[in-house]
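So the chains spell out like this:
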Amino acid sequence: MRLLIQLHTPTEAVSYEGCALALTLATFGHEVQLFLDAPVFGLLMQSDSRLHGMIQSLELYDMPAAWLPDDVFSGWVTGMLPTDLASQLTLVPEVINSQDFEQILTF
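A short tour of the structure in this document, coming up. (Residues numbered from 1 in each chain as written. Predicted model: local features only at pLDDT ≥ 70, side-chain atom pairs only at ≥ 80, totals over all residues. Heavy atoms only, no water.)

Considerations on the packing of aromatic side chains
Applying the stated criterion across every chain, the model contains 1 aromatic pair. Ring centres of Trp67 and Phe101 lie 6.3 Å apart, and the angle between their planes is 80°; this geometry places the pair in the edge-to-face category. In this pair, Trp67 is assigned in strand 3 (residues 66–68) and Phe101 in the loop between strand 4 (89–91) and strand 5 (103–106), connecting sequence segments 34 residues apart. Residue Trp67 is classed as buried on the basis of its relative accessible area, which comes to 10%. Lying across the ring of Tyr16, Arg50 places its NZ or CZ 4.1 Å from the centre. (Phe/Tyr/Trp six-rings, centres within 6.5 Å; stacked < 30°, edge-to-face > 60°. Helix = DSSP H or I, 4+ residues; strand = E, 2+ residues; numbered from the N terminus. Buried < 20%, exposed > 50% of the residue type's maximum accessible area, 1.4 Å probe, protein only. Lys NZ or Arg CZ within 6 Å of the ring centre and 35° of its normal.)

Pasting the structure below:
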């Protein structure tokens, strides 16, 4: 199954649940793409947040880099993050075909 999981809520508990679901599904062979919206950037900046650590481990789960919105904040946040975390992030493609995903979940 191919899924897109969007994290929009700036609370750690909700972001953790969405990311934990993504990692769990990837463990069982599902193709999962994460999209991190600007409200969760504050959690990424906190090295002790669960989201920060989970995004660092995307490669271990054979997941692609998480998408960030193509805006000024994305460039700022990637420039402020440690290299190992920034390498797990990329700007969202210009065209996203929702038909490419069997499910789109938003947290």
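So that's the structure; there's more coming.
A look at the nonpolar core
Of all hydrophobic cores here, the largest spans 27 residues; its most connected members are Leu34, Leu36, Leu44 and Ile55. Among the elements of the structure, strand 1 (2–7), helix 1 (12–27), strand 2 (31–36), helix 2 (41–45), helix 3 (50–56) and strand 3 are those that each provide at least two residues to this core. Looking at this core, the element that brings in the most residues is helix 1, giving 6 residues. Beyond its immediate chain neighbours, meaning those up to four positions away, Leu36 contacts Leu7, Phe41, Leu44, Ile55, Ala66, Trp67, Leu68, Pro69 and Leu89. Ranked by size, the runner-up nonpolar core spans 5 residues in total, among them Leu4, Phe35, Trp67 and Phe101. (Core = buried A, V, L, I, M, F, W, Y, C linked by side-chain atoms within 4.5 Å. Contact = heavy atoms within 4.5 Å.)

Looking at the pattern of salt bridges
Summed over all chains, the structure comprises 2 salt bridges. Notably, a salt bridge pairs Arg2 with Glu31, separated by 3.5 Å at the nearest N-O pair. With Arg2 in strand 1 and Glu31 in strand 2, the pair connects residues that are 29 residues apart, well separated along the chain. (Salt bridge = Lys/Arg side-chain N within 4 Å of Asp/Glu carboxyl O.)

Notes on a nonpolar patch on the surface
There is a patch of nonpolar side chains on the surface, built from Met45, Trp76 and Met80 and spanning about 320 Å² of accessible area. Secondary-structure assignment places Met80 in helix 4 (residues 72–80). (Patch = residues over 30% accessible without salt bridge, like charges linked within 9 Å, V, L, I, M, F, W, Y side chains within 5 Å. Areas by Shrake-Rupley, 256 points an atom, 1.4 Å probe, with all protein chains shown as cover.)

Let's talk about the pairing of strand 1
Most of strand 1 is tucked away, with 5 of its 6 residues classed as buried. Two elements, strand 1 and strand 2, share 6 bridges in a ladder whose sense is parallel. Across the sheet, the residue bridging to Gln6 is Phe35, located in strand 2. The β-α-β motif built from strand 1, the intervening helix 1 and the parallel element strand 2 has right-handed crossover chirality. With 4 bridges connecting them, strand 1 and strand 5 associate as parallel partners. Across the sheet, Leu4 pairs through a bridge with Ile104, a residue of strand 5. (Pairing = 2+ DSSP bridges. Right-handed = clockwise from strand over helix to strand, strands pointing away.)

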